[in-house]
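Residues per chain, in single letters:
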There are 4 protein chains.
Amino acid sequence: MKKIKIAYIGGGSKEWAKVFLNDLAQAKGISGELALYDIDLEAAKRNQKIGQRINKLEKTVSQWDYQVYEKIGGALINADFVAISILPGTFDEMMSDVHAPETYGIYQSVGDTVGPGGVIRSMRTVPIFEFFAQKIKEYCPNAWVLNFTNPMTICVKTLYDVFPEIKAFGCCHEVFHTQDFLCKVLEEEKGIKVHRNEIYTDVTGINHFTWFTKAKYQDIDLLKLLPSFTDKCFETGFNENGSPDLYLESPFAQANRVKMDLYKQYGILPAAGDRHLVEFLNHNWYLKDKKTIDYWKFALTTVDFRIELREKRIKELQLEAEGKKDINLYTSDEEAIELIKAILGFNQKVSNVNMVNLGQVKDLPIGSVVETNAVFTNDQVIPLIAKPLPVSVKNLVLRNANNIETLYEGIKKRDLNQIFESFMNQPLLDGLTIVEAEMLFKEMIENTRTYLDQYFNIDQYLNN
Amino acid sequence: MKKIKIAYIGGGSKEWAKVFLNDLAQAKGISGELALYDIDLEAAKRNQKIGQRINKLEKTVSQWDYQVYEKIGGALINADFVAISILPGTFDEMMSDVHAPETYGIYQSVGDTVGPGGVIRSMRTVPIFEFFAQKIKEYCPNAWVLNFTNPMTICVKTLYDVFPEIKAFGCCHEVFHTQDFLCKVLEEEKGIKVHRNEIYTDVTGINHFTWFTKAKYQDIDLLKLLPSFTDKCFETGFNENGSPDLYLESPFAQANRVKMDLYKQYGILPAAGDRHLVEFLNHNWYLKDKKTIDYWKFALTTVDFRIELREKRIKELQLEAEGKKDINLYTSDEEAIELIKAILGFNQKVSNVNMVNLGQVKDLPIGSVVETNAVFTNDQVIPLIAKPLPVSVKNLVLRNANNIETLYEGIKKRDLNQIFESFMNQPLLDGLTIVEAEMLFKEMIENTRTYLDQYFNIDQYLNN
Amino acid sequence: MKKIKIAYIGGGSKEWAKVFLNDLAQAKGISGELALYDIDLEAAKRNQKIGQRINKLEKTVSQWDYQVYEKIGGALINADFVAISILPGTFDEMMSDVHAPETYGIYQSVGDTVGPGGVIRSMRTVPIFEFFAQKIKEYCPNAWVLNFTNPMTICVKTLYDVFPEIKAFGCCHEVFHTQDFLCKVLEEEKGIKVHRNEIYTDVTGINHFTWFTKAKYQDIDLLKLLPSFTDKCFETGFNENGSPDLYLESPFAQANRVKMDLYKQYGILPAAGDRHLVEFLNHNWYLKDKKTIDYWKFALTTVDFRIELREKRIKELQLEAEGKKDINLYTSDEEAIELIKAILGFNQKVSNVNMVNLGQVKDLPIGSVVETNAVFTNDQVIPLIAKPLPVSVKNLVLRNANNIETLYEGIKKRDLNQIFESFMNQPLLDGLTIVEAEMLFKEMIENTRTYLDQYFNIDQYLNN
Amino acid sequence: MKKIKIAYIGGGSKEWAKVFLNDLAQAKGISGELALYDIDLEAAKRNQKIGQRINKLEKTVSQWDYQVYEKIGGALINADFVAISILPGTFDEMMSDVHAPETYGIYQSVGDTVGPGGVIRSMRTVPIFEFFAQKIKEYCPNAWVLNFTNPMTICVKTLYDVFPEIKAFGCCHEVFHTQDFLCKVLEEEKGIKVHRNEIYTDVTGINHFTWFTKAKYQDIDLLKLLPSFTDKCFETGFNENGSPDLYLESPFAQANRVKMDLYKQYGILPAAGDRHLVEFLNHNWYLKDKKTIDYWKFALTTVDFRIELREKRIKELQLEAEGKKDINLYTSDEEAIELIKAILGFNQKVSNVNMVNLGQVKDLPIGSVVETNAVFTNDQVIPLIAKPLPVSVKNLVLRNANNIETLYEGIKKRDLNQIFESFMNQPLLDGLTIVEAEMLFKEMIENTRTYLDQYFNIDQYLNN
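Predicted model only: the values in this text are computed from it and were never measured.

Looking only at helices and strands, chain A features 18 helices and 13 strands. Against the globule reference of 23 Å for 464 residues, chain A gives a C-alpha radius of gyration of 22 Å, in line with a compact fold. Structurally, chain A occupies a C-alpha span of about 65 × 55 × 45 Å along its principal axes. By residue count, 66% of the 464 residues in chain A fall in the buried class.

This is the structure in structure tokens:
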């Protein structure tokens, strides 16, 4: 039994903690301490109680010592692994990020990665991650750091830029869902039923705008099954988890129509949910107006819905913490614990990961953060060379990657002018004039300045 | 007196031939044959007659033997230099290029470089330049080739791609005009009056979307004079050749307001006319609608106007050829003859030029065609390393450079799908849905298919 | 049971076939045809008989249909995998390769990779591999090709250069032995006994001149164990398979003294046998004279010894084929079959491999052949990004990699002058004058011209 | 008349000052202050007096105010230009640099660039140039810095590495002499007599190991004249300044036999003196022993000779300073003043220059210092893209460039181990064993430690 310490920044999490605690409890071969840190101390304590209850479950094979720390240093010191999963700012700021642009006719389905929402969220996030990177450097420079926070690319970029020796990577499950989709395609077209771990997908791009350049089950080319599959399913849409019309009721759902449409145009398959993909593309392509969005069958996730969901979730967690509700262990499809075990030398694992580009994606800038496969093994995470993107797709991805690099540098220099240059070059804002873009930018900064004032000279900029 | 042969492809030219013959007549130290070739044989003969009249003028210092050839091989054989200045297709096709997109709300001020017009024009141009490159390879592989045809980048790319050993470069005077503008700035701000040859501008980018990263007169930084200058002139505009409102009557005029606006945002100065610059940028920025265009004070050059101008010009030329109108030699500001003399070893000259990127522009793809300074000297044209662009400008230029590379490859492969991918990614078309973009693309192809059918499988594509 | 066809070029092999047939017989889950092709038909038939006997052994779990083909096309057609393991030329030519330079004071421990022997052997090998690549393209373009022939780098380069879409890689077990060495170090220093599959080594460089930039067992840094280990073992030497003085009797043995010496100087560990390493370095460093060689405790493998060994081996094989000698299956440490099964989707495997550099080694030329780790999985072999070499080691490797690229291009162009430029720049020949180098080069070409005359204009060169 | 201040570091120079003062006196259009700084104050004052005498000469067109400063800051403050021409250490250290290796059979013809002498000299030089760079940053960050000191590459690298915004370049006249040689070739072969400014040579490589990839007079290819020329002159040799046997009496002379030999092998012409070229190549090629050296007809410049020359020179200078010897202005072939005037905007000039590689030499590392052509013009020095080297020459140059980069980094980090790695990889030392190389290295460090002790931990290293 290998004893380790995992620090959990954002340990008061209402959503992702559930999976993490569940998977930890079932992790054979490892145990130790889970050190919870959160600016919401009560939430961390709630998760501590839930953890302690899980320890007593019959199905639990691995016991963890759940500790809550009021200071980040306490959580980090001697940590072998650090998981970061936070909300930068509150839902109030996110309300502005997602919905303020609607006045200008700009809809966002998620609003946390790129587009106007992604830019403003990044402005709040980078300074926080600068702080995390410094603390990790100070307290646990040899720890492995797993980031789950969005905007993923910007978070991982900040960690490496502030502390270049950091052993960090970003995990995202969007790719898994597209793998599930491909397994369904294999089943539909060939009658072969496999788990996504049995296929191999060559993934490349940037987080939430990744692409499968190749996908194989043994020597069956899964991408070549798509023409026949889309002939049948493009019109109605296809949801690997249920009805293609699920999006009408579930604000996280999509029918893969955008994905299939892009496949038809470009010949390779995007590897993220439609709600994410559309935010990297010209505003008029898939997000022009409500009618267009409905045509493509994906949901806009409102912040009101997120708030409602959170309230419901907190109630549940409270009941679980107080022992008024049963906790049931289940088999998740997340990989975090498996990756940790691979790094500890238990097994070897290939999975998709967000890391600094050392040449694994030849078409994107060296030093930018990219998402490709990597090998996880004895104290190492090593990226694989990704296959090249078709030239037109490369152009689309590169435009966004360059925007993000420009944005990051602008935030790092606290240079609002350069940040705005990235903002006005967002594909989602291509329908605005420069003057409109500037009005919107100032409005969104004004709305969220509680989290910006200490880092940027907002007054000067707004009065300019 | 050095004897040379210059082949002139498009030697029936109505506009550019005037300057060329004028400058040749005044070129001390060189003489020889000017071999005119044009699909409009009569026009070539007209220029021949004009040339023969120029030979007899008193101010003429250099006699030329004006020959007209019915076949391109005759003009090219033994040529030391080849000048290419043609109109790909006719004004009928250009009418569609420039005006067909207006139905979709897309205005173009020139329509011959990028945007929908530039893409379709490229489809006509590449096959013609493939033919030129093969003929040059066959008849005069050691000749220096000067291209003056648009779309410049695509033309030069084709020449090098078909015949990599070619000694070709593309000349464009847009940069000269911005140098004139800077000389005016120097005069206004410092009271120093100089010719543009006395300042040094570091130029980089792609044709018609070039930028001055540095501009110096001795140790005076000309770019640093701009804030004070624009404070005075931005509102009214400033035209280095006359009134800022000249654009109201002259369809080639502009008031440099776009240029100054971009300088204010990005800190470096675009080095092409405003009419060209706006076509590389989001449709809504400067070309949103007639009101916006008027606000920025530049003209849309209609094809009707071009036709009218040509008619007028032909009448003049006819009179000149028949000796019914006097021909007066004048001092032009074009450099073609000076460059030819530098290549012959008469002098050494640094000027801007379009050539394949061998590393002179580190931020643009190796192998793409870029515009930078080069040294012209004994049988050599050697590009200079350009200073890097600010990151946000680099993003804008790179997007267009990548689009052009994608377009060129698509045309080379006769792949209408890839050509469309470049079309739909044009900044000028960012306001269209994919479906609208495809409708427009098919319409424009249909309109101009006379020049496309022999190269592309148009029927199949349109019926798809 | 997955049915496959494996073509074996060089199927009359006397050495490597033994392992391959042994491992095939024990390969659960696959069976099919092994198609033997060899210019020595009798040898192929002998192996066929041995294979048929193996089929009947009790321990055999996988039956194979052993077929002999007189023409290469028959062996290749419909093949799923192609293994290439040949001797380019005969031991007569190798006699010259290895021993002719001794007259000039140049000793070679192997003589088949770089140095004078490697260069001349490459001249024989490239044309043969050009032929193989063309035949593979013709008969089985989708087959996976495993090369085991030396000079490895040159062989793999030829395959990819002639047929860029080929799915080829080169396998070499030198790295495995250094992994075994590291396992011994771990055992000596920490008392932990593991198989080499349980450690992870980050490997980079070119074949036979590879380096471990990192080596980990869980979180134990194996390279950090070396100072203490070498303190104890450097003087006497250390052989992971037996006595450090084994080299006195076994012409393939070595005592890792060169390896440890290079580690002491450069801080990272070479990952090939000492006999190979020394051939990439200045002649005076480890191969100056017999005394020096003895000091470093490695053997020079004479060609006489190789001939003797082969004779002995043929007798054994004959007895095995005729059923006069028992065949015993055993557990080999080779990975070829395991890699084949990984490619078929049975499992996922990370191992070292020779492939074209797509960016996996950033310090070596893109397009050259490098050795790094790769993931073997469903119809894919994907290189991993290797860690950078220390700058001084990079210089040593790059010099050799550039020499090989120059050599390959020279052979491809049949340009004896360029081949000589690579020859005279070999580290092993740095002690010769240019005139001496040229004499030796001509001598070695003369000696081996039977295999060169059909490809190169030898007469003209020698008489020049 | 433009008034400027030029700071002259090493202003007590005995040799180069003569040319500089001579050229300044004849520089139309500029005058001002020449600020002399030297650790040998008397020598600076002597040059001051000579300058003041020059001011009174009839032929003098430009008066200069010659000032001597005891502190470097005084010389640098407000300087527009800084010239650096120093001897790092004294001739005592140079005696060891050049002659200590002779015990090991290693002859050096110059010993100040690469090889054992170059490495040890670099160890003395880098710390001095670190100091200069810091002072320039402090006192005159906008000044243009002209370096004339060897080792040129290392000096320029240091300046840019310490102060990246520096406007520095290195001037070397070796290229001029090879241009003179080519002019002689043109005269011999074609009967055309021109000055080197009338031909155009494309130069690339690193200082003292540069190559002409192309050389043209008008459209005459000068390199193509060489086969016929070398047929006639290779055996006897050819010295553009006199008899090919001049080397027997003049220790700076050479007969271009090495240059012609390298041309015959590689097809392009080295552009430095033979004495320099041979030091970048394998020891046995041209410097094997005295007999070989004599065969190739170049001189070894002993340090005794340099000392003698200096003594003679000082006597002359003393007489000139005291007015006991006439000073005559003459026409030099140096370009420093011409370059200064070009930078001031008087004219535009293309010349060879040592600068940081921004892409002008694609085959050498970005960031290393390379020698190519550049344009000198209004406050700018801009490198030109150089033509690629043939692959075998590239290998030779790259090996040396990488060695220099490794050396520089080693000195920067004060890491004697890494410095030794560069030392042992010098082509001139390829005949030594590692142990011999280490003995020699320690000996040479010991000999020159007066200048090393304050920067390196010599004791610890020597006792290790």
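On to the interface of chain A and chain B, then. Listed by partner, the interface residues are 31 residues for chain A and 31 residues for chain B. Buried surface at the junction of chain A and chain B, summed over both partners, amounts to about 2,600 Å²; 45% is from carbon and sulfur atoms. The tally of links between chain A and chain B comes to 2 salt bridges. We note a salt bridge from Lys-288 of chain A to Glu-436 of chain B, for which the minimum N-O separation is 3.8 Å. Here chain A is connected to chain B by 10 residue pairs in polar contact (both at pLDDT 80 or more).

We now examine the pairing of strand S3 (residues 64–69) of chain A. Here S3 of chain A shows a buried face lined by Trp-64, Tyr-66 and Val-68 of chain A and an unburied face lined by Asp-65, Gln-67 and Tyr-69 of chain A. In this fold, the crossover linking strand S2 (residues 30–37) of chain A to S3 of chain A by way of helix H2 (residues 41–55) of chain A has right-handed handedness.

Moving on, we come to the relation of the copies chain A and chain B. Taken as rigid bodies, chain A and chain B are interconverted by a rotation of 180° and an axial shift of 0.0 Å, the fit giving an RMSD of 0.0 Å. Overall, the copies show the geometry of a two-fold rotation axis. Same-surface contact between copies: 100% of interface residues of chain A are shared with the interface of chain B.

Before going further, it helps to examine the relation of the copies chain B and chain D. The transformation that overlays chain B on chain D combines an axial shift of 0.0 Å with a rotation of 180°, and the residual RMSD is 0.0 Å. A shared interface surface links the copies, since 100% of the contact residues of chain B are contact residues in chain D too.

Residue and element names in this part refer to chain B. Across the two faces of strand S5 (residues 144–147) the burial is the same, with Trp-144 and Leu-146 and Val-145 and Asn-147 all buried. Pairing analysis gives 4 bridges linking strand S4 (residues 81–84) to S5, with the strands arranged parallel. Along S5, the bridge assignment pairs Ile-84 with Asn-147. As paired strands, S5 and strand S6 (residues 167–170) are joined by 4 bridges and run parallel to one another. Among the inter-strand pairings, Asn-147 is bridged to a residue of S6, identified as Gly-170. For the handedness criterion, the β-α-β arrangement of S5, helix H6 (residues 152–162) and S6 is classed as right-handed.

Note on interface size: it is often stated as the accessible area lost on association of the parts. Taken together, the contact between chain B and chain D spans 27 residues of the former and 27 residues of the latter. Here chain B and chain D share an interface that buries about 2,300 Å² over both sides, 54% of which is from carbon and sulfur atoms. There are 2 salt bridges connecting chain B and chain D. Here Asp-379 of chain B makes a salt bridge to Lys-216 of chain D, at a shortest N to O gap of 2.4 Å.

Okay, helix H5 (residues 115–139) of chain D next. Residue and element names in this part refer to chain D. For H5, which comprises 25 residues, the first-to-last C-alpha distance of 35 Å matches the rise-based estimate of 36 Å (1.5 Å per residue) to within 8%. Residue Met-123 marks the point of greatest curvature in H5, where the axis turns by about 30°; the proline Pro-127 follows within four residues. For H5, the tally of buried residues reaches 20 of 25 residues, placing the bulk of the element in the interior.

Moving on, we come to the domain arrangement of chain A. Residue and element names in this part refer to chain A. Here chain A is partitioned into domain 1 (2–96 + 109–173) and domain 2 (407–462). Taken together, the contact pairs 20 residues of domain 1 with 21 residues of domain 2. Summing the contributions of domain 1 and of domain 2, the shared interface buries around 1,900 Å²; its carbon and sulfur component is 75%. The salt bridge involving Arg-414 is made with Glu-130; its shortest N-O contact spans 2.7 Å. At the junction of domain 1 with domain 2, the criterion picks out 5 residue pairs in polar contact (both at pLDDT 80 or more). Elements represented by at least two residues in the side of domain 1 that touches domain 2 include exactly helix H4 (91–99), helix H5 (115–139) and helix H6 (152–162). When residues of the side of domain 1 that touches domain 2 are assigned to their parent elements, the largest contribution, 11 residues, is made by H5. Across the side of domain 1 that touches domain 2, the residue classes tally to 8 nonpolar, 7 polar and 5 charged.

Let's shift gears to the pattern of salt bridges. Pairing of side chains with opposite charge becomes possible as their charged atoms draw close. The tally for this structure, following the rule as stated, stands at 116 salt bridges over all chains. A salt bridge links Lys-412 of chain A to Asp-161 of chain A; the shortest N-O distance between them is 2.9 Å. You can see Lys-412 of chain A sitting in helix H15 (residues 391–412) and its partner Asp-161 of chain A sitting in helix H6, a full 251 residues away along the chain. Relative accessible area serves as the criterion here: at 31%, Asp-161 of chain A is assigned to the partly exposed category. One salt bridge in this structure joins Glu-335 of chain D and Lys-349 of chain D, with 3.5 Å as the shortest N-O distance. Of this pair, Glu-335 of chain D sits in the loop between helix H13 (303–321) and helix H14 (336–343) while Lys-349 of chain D is found in strand S11 (residues 349–356), placing the two residues 14 residues apart along the sequence. Accessibility assignment for this pair places Glu-335 of chain D and Lys-349 of chain D in one class, buried. Each of Arg-196, Asp-333, Glu-335, Glu-338 and Lys-349 of chain A takes part in a single network of salt bridges with overlapping partners.

Moving on to the side chain of Gln-48 of chain C. All names here are of chain C. Looking at the secondary structure, you find Gln-48 in helix H2 (residues 41–55). Side-chain polar atoms of Gln-48 contact the backbone oxygen of Tyr-66, separated by 2.9 Å. Sequence-distant contacts of Gln-48, that is, excluding residues within four places in its chain, are made with Leu-36, Tyr-66, Gln-67 and Val-68.

A few words now on unusual backbone geometry. The omega torsion across Asn-150 of chain A and Pro-151 of chain A is 5°, close enough to zero to call that bond cis. Within the secondary structure layout, Pro-151 of chain A lies in the loop between strand S5 (144–147) and H6. Residues other than glycine seldom take positive phi values, yet Asp-379 of chain D does so here, at roughly 55°. Residue position: Asp-379 of chain D is located in the loop between strand S12 (369–377) and strand S13 (380–383).

Our next topic: the confidence of the model for chain A. Averaged over all residues, the pLDDT of chain A is 97; the fraction at 70 or higher stands at 100%. Both scores are available for the predicted complex, with the pTM at 0.96 and the ipTM at 0.95.

Turning our eyes to something else, we now look at the packing of aromatic side chains. Inspection of the entire model under this criterion finds 88 aromatic pairs over all chains. Measuring from centroid to centroid gives 5.6 Å for Tyr-8 of chain B and Trp-16 of chain B, while their planes differ by 80°, and the two rings are edge-to-face. For Tyr-8 of chain B, a relative accessible area of 0% translates into the label buried. Judged by centre distance (6.4 Å) and plane angle (90°), the rings of Trp-211 of chain D and Tyr-266 of chain D are edge-to-face. With Trp-211 of chain D in strand S8 (residues 209–217) and Tyr-266 of chain D in helix H9 (residues 257–266), this residue pair connects regions lying 55 residues apart in the sequence.

So, on to the environment of Cys-183 of chain C. All names here are of chain C. Of note, Cys-183 is situated in helix H7 (residues 174–190). The sequence separation of Cys-183 and Glu-240 amounts to 57 residues, and the corresponding C-alpha distance is 9.0 Å. Aside from chain neighbours lying at most four places away, what touches Cys-183 is Ile-192, Val-194, His-195, Arg-196 and Ile-199.

Time to look at the environment of Asp-379 of chain B. Look at Asp-379 of chain B and you get buried, because its relative accessible area is 10%. Note: C-alpha distance between Asp-379 of chain B and Gly-345 of chain B (34 residues apart in sequence) is 7.1 Å. Asp-379 of chain B has contacts with Trp-144, Lys-167 and Ile-343 of chain B together with Lys-216, Gln-218 and Asp-219 of chain D, leaving out every residue within four places of it along the chain. In terms of polar contacts, Asp-379 of chain B uses its side chain to reach the side chain of Lys-167 of chain B, at 3.3 Å.

All names here are of chain C. Axis separation between helix H5 (residues 115–139) and helix H15 (residues 391–412) bottoms out at 10 Å; the angle between their running directions is 55°. By the angle between their axes, H5 is oblique relative to H15. Considering how the two elements wind past one another, H5 and H15 form a crossing that is right-handed. On the side of H5, the interface is formed by Val-119, Ser-122, Met-123, Val-126, Pro-127 and Glu-130, while H15 contributes Leu-407, Tyr-408, Ile-411 and Lys-412. In terms of residue class, the contact of H5 with H15 is made up of 7 nonpolar, 1 polar and 2 charged.

Structurally, Leu-309 of chain B can be placed in helix H13 (residues 303–321). For the pair Leu-309 of chain B and Val-258 of chain B, spaced 51 residues apart in sequence, the C-alpha separation works out to 26 Å.

Rules behind the numbers
All residue numbers refer to position in the chain's written sequence, counted from 1. The lettering of chains begins at A and the numbering of ligands begins at 1, in the order of writing. Reporting of local features is limited, given that this is a predicted model, to residues whose pLDDT is at least 70; pairs of side-chain atoms are given and counted only at 80 or more, and all residues count toward the totals for whole chains, interfaces and linings. Computation of side-chain values: all heavy atoms of the structure, hydrogens and water removed. Helix and strand labels come from DSSP, where a helix needs a run of H or I of at least four residues and a strand needs a run of E of at least two; each type is numbered from the N terminus. Note on method: radius of gyration uses C-alpha positions; expected globular size equals 2.2 Å times residues raised to 0.38. Note on exposure labels: buried denotes an accessible area under 20% of the residue type's maximum, exposed denotes more than 50%, and partly exposed covers the range between, all computed with a 1.4 Å probe on protein chains only. Note on contacts: a residue pair is in contact if any heavy atoms of the two residues lie within 4.5 Å. The term buried area denotes the loss of accessible surface (1.4 Å probe radius) that occurs when two parts are joined, taken as the sum for both partners. Whenever a carboxyl oxygen of Asp or Glu lies within 4 Å of a side-chain nitrogen of Lys or Arg, that contact is scored as a salt bridge. Here a polar contact is taken to be a pair of N or O atoms separated by no more than 3.5 Å, where protein atoms must pair a possible hydrogen donor with a possible acceptor and residues adjacent in sequence count only if both atoms sit in side chains. Think of it like this: strands point away, you trace from the first strand over the helix to the second, and a clockwise trace means the crossover is right-handed. All copies are superposed by least squares; the fitting set is the C-alpha atoms of residues with a pLDDT of at least 70 in both. Strands are treated as partners if at least two bridges between them are detected by DSSP. Expected span of a helix: the number of residues minus one, times 1.5 Å. Two axes define the bend at a residue: one fitted to the seven residues ending there, one fitted to the seven starting there, and the bend is the angle between them. Residue ranges for the domains trace back to a domain assignment, done automatically or taken from a database. Under the convention adopted here, Pro, Cys and the residues Ala, Val, Leu, Ile, Met, Phe, Trp and Tyr are nonpolar, Asp, Glu, Lys and Arg are charged, and Gly plus all remaining residues are polar. Note: pLDDT gives the predictor's confidence per residue, expressed from 0 to 100. Stacked, tilted and edge-to-face pairs are distinguished by plane angle, under 30 degrees for stacked and over 60 for edge-to-face with tilted covering the rest, among Phe, Tyr and Trp rings (Trp via its six-membered ring) whose centres lie within 6.5 Å. Helix axes are fitted only over the stretch in contact, all axes being lines through C-alpha atoms; the angle between N-to-C directions runs from 0 to 180 degrees. If an angle is under 35 degrees, it is roughly parallel; if it is over 145, roughly antiparallel; if it lies from 65 to 115, roughly perpendicular; otherwise it is oblique. We call a crossing left-handed when the near helix sits turned anticlockwise from the far one by less than a right angle, and right-handed when that turn is clockwise.

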